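Examination of the molecular architecture
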Amino acid sequence: MQNNPHIQEQLEKWVEENRGHVVLGTTAQYIPALGNEDPAQLGICMIDEEGNYYAAGDTEKEFTLQSVSKALSFIAVCCHYGLDYVLERVDVEPTGEAFNSIIPFEIHRPNKPFNPFINAGAITVSALLPGQTPQKKFQFLLEFLEKLVGHPLEMDQEVYDSEWQTSHRNRALAYYLKEANFLDIEVEEALDIYISQCAIKINVKDLALIGLIIGYDGYNPITKERHFSDDIAQVVKVLMVTCGMYNSSGNFAAHVGIPAKSGVSGGILAAVPPKLHSQTYAFRAGAGIGVYGPAIDVQGNSAAGTMMLKQISKEWDLSIF
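Residues numbered from 1 in each chain as written. Predicted model: local features only at pLDDT ≥ 70, side-chain atom pairs only at ≥ 80, totals over all residues. Heavy atoms only, no water.

**A few points about the nonpolar core**
Our working rule: The definition of a nonpolar core used throughout is a set of buried Ala, Val, Leu, Ile, Met, Phe, Trp, Tyr and Cys residues joined through side-chain atoms within 4.5 Å. We call a residue buried when its accessible area falls under 20% of the maximum for its residue type, exposed when it is over 50%, and partly exposed in between, using a 1.4 Å probe and counting protein chains only. Contacts are assigned to residue pairs with any non-hydrogen atoms lying within 4.5 Å of each other.
Counting 79 residues, the largest nonpolar core has Phe 74, Leu 145, Ile 214 and Phe 228 as its most contacted members. In contact with Ile 214, other than residues within four places in its own chain, are Ile 75, Phe 228, Ala 233, Val 236, Lys 237, Met 240, Leu 269 and Ala 271. Ranked by size, the runner-up nonpolar core spans 30 residues in total, among them Ala 260, Met 308, Leu 309 and Trp 316.

Structure below.
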């Protein structure tokens, strides 16, 4: 459903203007199943508080969550155990290191992982998911996400297998976590859950809806349903601003200014809170944004997708700063 042809026309225009930026990145070659994706793809979907969807580009393509899942597993675990319980096990500080770096363990251990968006923190959070087996833990997260998007989701087995066979650095991180007593389950079990959540298939429309719910502090303004507390939403949005775009999070915050979480599949989840004092009337009441562009830059973010979000934020005054 759409009620503003101008917004639709602008999105279609901006997708085409930014397609050229795909040459600034390449698909994630270190995960073979992702490396085989078409780097020329680019799509975006935005949804407002009334349920109006605006989509342009390659919007039908399904892709895997990858690191976008880190924000969602963190929310799910906090919903079950409470924010305080989870923050005793993972912090909310930026690291300044790569998302899969072992350096923080060597320098700061046995301190808890810096935040849930680096791989060490994400593996810790995944292991905390409720359930007696890896399968039940994964199912808990899957059902939580299905409630957010309103339809069944599934895992991409090919991507899972590809990541499982190449996940040597994550295994090393998991062994560090196990040694430091941050994992109550076995290393291979924790890794199984983490890789499974990264391999969940989704599309830009799903990401946009989740972004809208985060932007509205855990409340879906379309269905009038609350999915998680505003306290959890506040922490997640802060993490998205400070840590959500890997080592370019500061640059993204300065030039785009929207809470966002990216993944190496090329997906970006962005949450635009209501900004009623804005001078523009495009999405003054908030929005959710989903982006897909599998050509990622050296930091791991969609090259064309990031450039497009910068343009959209500037033109429609979406920055929260």
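**Things to note about empty space enclosed by the protein**
Rules: The way it works is a 1 Å grid over only the protein atoms, where trapped points that fit a 1.4 Å probe form a cavity and open points with protein on both sides within 12 Å along at least five of seven lines form a pocket, and then any residue with an atom within 4 Å of a point lines it. Grid points are joined across faces, edges and corners, and a volume is the space filled by probe spheres set on the points. Helix and strand definitions follow DSSP, with helices as H or I runs of at least four residues and strands as E runs of at least two, each counted in order from the N terminus. For this classification, the nonpolar set comprises Ala, Val, Leu, Ile, Met, Phe, Trp, Tyr, Cys and Pro, the charged set comprises Asp, Glu, Lys and Arg, and every other residue, Gly included, is treated as polar.
One pass over the full model with this rule turns up three cavities of 30 Å³ or more. In this structure, the second largest cavity occupies an estimated 40 Å³ of space. Residue lining of the second largest cavity: Met 240, Val 241, Met 245, Ser 249, Phe 252, Ala 253, Gly 257, Ile 258, Pro 259, Ala 260 and Phe 321, and that is the complete set. Sorting elements by how many residues they give to the lining of the second largest cavity places helix α13 (residues 249–255) first, with three residues. When grouped by side-chain class, the residues that make up the lining of the second largest cavity number nine nonpolar, two polar and no charged.

**Digging into helix α1 (residues 5–18)**
The test is simple: Expected helix span is taken as 1.5 Å per residue step, with the number of steps being one fewer than the number of residues. Starting at the helix axis, one direction is taken to each C-beta atom, and the arc is that of these directions. Identification of polar contacts relies on pairs of N or O atoms within 3.5 Å, with a donor-acceptor requirement for protein atoms, meaning one able to donate a hydrogen and the other able to accept it, and with residues adjacent in sequence counted only if both atoms are side-chain atoms.
Its 14 residues give α1 an end-to-end C-alpha distance of 20 Å, which sits within 8% of 20 Å, the value for a rise of 1.5 Å per residue. Those residues of α1 lying buried are Ile 7, Gln 8, Gln 10, Leu 11, Trp 14, Val 15 and Asn 18. Buried residues along α1 cover an arc of 165° about the axis, so they all sit on one side. Among the exposed residues of α1, those oriented more than 90 degrees off its buried face are Pro 5 and Glu 9. Check the buried side of α1 and you find it contacts β1 (43–48), β2 (53–57) and α14 (303–316). For α1, the side-chain oxygen to backbone nitrogen distance between the N-cap and His 6 is 3.1 Å, and the N-cap itself is Asn 4.

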